[in-house]
Amino acid sequence: MKKIIVMMLLQVFVLSCSNDQEVGYVPLPLTLEAPSNFPELAYNLDNNPLTEAGFELGKSLFYDGKLSVNDAIPCAFCHEQAFAFTHHGHNLSHGVDGAIGLRNSLPIQNLAFLNEFMWDGAATHLDMQPIIPITSHLEMGETMGNVVEKLKADPNYQQQFERAFEDGAVNAANMLKALSQFMVMMVSSNSKYDKYVRNEEGVTLSAMELDGLQTFENKCASCHATDLFTDQSYRDNGLPVNPQLNDKGRFDIFEDPNDLYKFRVPSLRNVETSYPYMHDGRFQTLEAVLDFYDHGMVDNGNVDPLLLREDQTYGISLDAYEKESLIAFLKTLTDNEFLTDDRFSEY
């Protein structure tokens, strides 16, 4: 009798599993809450609706070394949450077999509101952006085909793809969409500054922070515009050219002389934690960055005209108090809720 009962229970278990597999894709929508002080969403959610299963699949992929040739370098290797998803402590990104990349890792935050990606704008759609690091021999060193084959061979991923997408296919398109769903949800918008401008919780800025905000609006906001703190343009900010890298920036994309030494204006959100700074990570502190803007620029032949002073030198004149108050203001852009949000952590 006991054997019969056990067999019946096993049949029920098998049938229930079979039914689950047949059901497969059951979309449970995720809501992306766009902050009231942000510009319009740039990412088209109609082409990739956010679901719980899609987000969780993207998260699994983000933290999985299978996306690299040696199965050891995940996206998260160069993008650590506590540091606004940058490669903390490294001037340049590191990759497979100790390879050193050409640029500092940009933060991953608020990407759903951006139109282009990477320091040089090489990616014009978020779904396509991961292809660049995955296939770079200096970063993850893999091919998209090999990554897909590894995922197909993993039963857990087979189930995750079935739950995440209507066609259930383990392919590159769905993999990239899942990664985008994870990154689209990475919205950093709960800093002290945000709560201040939204009049939340009675948050106020100190006198020094307010002075820094005024200096920022007068001397920095032309490039670090809107509450994304970037105008999404590409500019030459007068950095002396690093002779070891000779990085020509956006010029390498279109070979347009007007793009020589131009790099993307980065967002300043969570800038307190995302050091080192600049495309090659040459500055370790915010103080060093402001000193550079005050008196360290050089004429490399293509410096942005906005940075030309009346005396025909390049720079942004800042006295000691302006620097101190600017840094106090920039620290109000730190969003500790985002930096510790369990939704985006590996464990």
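So, how was this worked out
Residues numbered from 1 in each chain as written. Predicted model: local features only at pLDDT ≥ 70, side-chain atom pairs only at ≥ 80, totals over all residues. Heavy atoms only, no water. Axes fitted to C-alpha atoms, helices over the stretch in contact; angles between N-to-C directions. Helix = DSSP H or I, 4+ residues; strand = E, 2+ residues; numbered from the N terminus. Parallel < 35°, antiparallel > 145°, perpendicular 65-115°, else oblique. Contact = heavy atoms within 4.5 Å. Nonpolar A, V, L, I, M, F, W, Y, C, P; charged D, E, K, R; others polar. Buried < 20%, exposed > 50% of the residue type's maximum accessible area, 1.4 Å probe, protein only. Salt bridge = Lys/Arg side-chain N within 4 Å of Asp/Glu carboxyl O. Core = buried A, V, L, I, M, F, W, Y, C linked by side-chain atoms within 4.5 Å.

### Brief notes about the packing of helix H2 (residues 52-62) against helix H6 (residues 172-184)
Here's step 1: H6 packs onto H2 with a crossing angle of 100° between their chain directions and a minimal axis gap of 7 Å. When the axis of H2 is compared with that of H6, the two are roughly perpendicular. Between H2, through Gly54, Phe55, Leu57, Gly58, Lys59, Leu61 and Phe62, and H6, the contact on the second element is made entirely by Met175, Ala178, Leu179, Gln181 and Phe182.
Here's step 2: Among the residues forming the contact of H2 with H6, the class breakdown is 8 nonpolar, 3 polar and 1 charged.

### Looking at unusual backbone geometry
Here's step 1: The omega torsion of the bond from Tyr275 to Pro276 falls at 0°, within 30 degrees of zero and hence cis.
Here's step 2: Inspection of the secondary structure puts Pro276 in the loop between strand S2 (263-264) and helix H10 (286-295).
Here's step 3: With a phi angle near 55°, Asn110 is a residue other than glycine that sits in the positive phi range.
Here's step 4: Of note, Asn110 is situated in the loop between H2 and helix H3 (131-135).
Here's step 5: For Asn110, a relative accessible area of 3% translates into the label buried.
Here's step 6: The phi dihedral of Asn270 falls on the positive side, at around 60°, and the residue is not glycine.
Here's step 7: Mapped onto the fold, Asn270 is located in the loop between S2 and H10.

### Here we look at the side chain of Thr273
Here's step 1: Along the chain, Thr273 falls in the loop between S2 and H10.
Here's step 2: Not counting the four nearest positions on each side in its chain, Thr273 is found in contact with Ala82, Phe83, Ala84, Thr86, Thr334 and Leu339.

### Section: the pattern of salt bridges
In a structure, side chains of opposite charge can pair up when their charged atoms sit close to one another.
Here's step 1: Across all of its chains, the model carries 18 salt bridges by this definition.
Here's step 2: Where Asp294 meets Lys323, a salt bridge forms, and the shortest distance between an N and an O atom there is 3.6 Å. Of the two residues, Asp294 sits in helix H10 while Lys323 sits in helix H11 (residues 320-330), which places them 29 residues apart along the sequence.
Here's step 3: Residue classification places Asp294 among the buried positions, given a relative accessible area of 15%.
Here's step 4: Taking the relative accessible area as the measure of exposure, Lys323 reaches 15% and is therefore buried.
Here's step 5: Here Arg343 makes a salt bridge to Asp341, at a shortest N to O gap of 2.7 Å.

### With respect to the nonpolar core
Here's step 1: One finds Leu61, Phe62 and Met175 to be the most contacted residues of the largest nonpolar core, which totals 48 residues.
Here's step 2: Put simply, the parts of the chain that give this core at least two residues each are H2, helix H4 (144-152), helix H5 (155-164), H6 and helix H12 (336-339).
Here's step 3: Broken down by element, the residue count for this core peaks at 7 residues, all from H6.
Here's step 4: Every residue in contact with Phe62, bar those within four places of it in the chain, is listed here: Pro74, Cys75, Ala76, His79, Phe85, Ile108, Leu179 and Phe182.
Here's step 5: Core analysis: the second largest hydrophobic core is formed by 27 residues, Tyr193, Cys220, Leu268 and Val289 among them.

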